[in-house]
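# A look at the structure
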Amino acid sequence: KIIVQKKKWDHLGLIVDVPKISGSGTSNDGNTARKVFRNYKVSAEILGLDKNLMKRFYVILCVLSCKHQINADELEKYTKETAELYVSLYPWFPMPQIVHKIRIHSSQVVRDKPVPVGLLSEEAQECRNKDFKNYREHTYKKTFKKSH
């Protein structure tokens, strides 16, 4: 683990799997994952994984976060091929639950949602956190009547 952490830092400038000072979770977050998969060649080399498999995971993550209409049939075909590649390369390691969910359910979600999946992320809400904080600090009534 320490070797991988050092290589991730040296090659990508990432701090991975380190507990946060606040005690809530680790340094692994969406931004870290995006950088790991965007640099799939380096990440695959560091982790000793197949580069093609890492690239396919990166493509799937990009497709699921895009804000355009997605062809659910093509996504289903691509995720199935990716899962088959995973099983053929690593039959000794059970497929992680998140990989299974993406393989089985992502095309169903794409079919059932009226808007592209990328529009359903928390990104828009998180962009407004500064506004919400400002509104709470400067707009809410700061005094309360005492009840008798």
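Before reading on, note that the structure itself is shown above.
I will try to describe carefully the structure that is included in this document. This is a predicted model, so every value here is computed, not measured. (Residues numbered from 1 in each chain as written. Predicted model: local features only at pLDDT ≥ 70, side-chain atom pairs only at ≥ 80, totals over all residues. Heavy atoms only, no water.)

What follows deals with the pattern of salt bridges. For the structure shown, the criterion picks out one salt bridge. Notably, a salt bridge pairs Glu81 with Arg56, separated by 3.1 Å at the nearest N-O pair. In this pair, Glu81 sits in helix H5 (residues 72–89) while Arg56 sits in helix H4 (residues 51–65), placing the two residues 25 residues apart along the sequence. The class of Glu81 is partly exposed, set by a relative accessible area of 34%. (Salt bridge = Lys/Arg side-chain N within 4 Å of Asp/Glu carboxyl O. Helix = DSSP H or I, 4+ residues; strand = E, 2+ residues; numbered from the N terminus. Buried < 20%, exposed > 50% of the residue type's maximum accessible area, 1.4 Å probe, protein only.)

The subject of this paragraph is the nonpolar core. Listed in full, the 10 residues of the largest apolar core are Val36, Phe37, Tyr40, Ala44, Leu53, Met54, Phe57, Tyr86, Tyr90 and Val99. Elements with a contribution of two residues or more to this core: helix H2 (30–38), helix H3 (40–47) and H4. It is H4 that contributes the most residues to this core, three residues altogether. Among residues more than four places away in sequence, those in contact with Ala44 are Leu49, Asp50, Lys51 and Met54. Within the second largest apolar cluster, six residues are counted, among which are Ile60, Ile70, Leu75 and Val110. (Core = buried A, V, L, I, M, F, W, Y, C linked by side-chain atoms within 4.5 Å. Contact = heavy atoms within 4.5 Å.)

The complete set of buried residues in H3 reads Tyr40, Ser43, Ala44 and Ile46. Buried residues of H3, viewed axially, fall in a sector of 165°; they line one side. Away from the buried face of H3 by more than 90 degrees, exposed residues Lys41 and Glu45 are located. After H3 finishes, the residue Gly48 shows a positive phi value of roughly 70°. (Arc of directions from axis to C-beta.)

What is shown is where atoms sit, not what they do.
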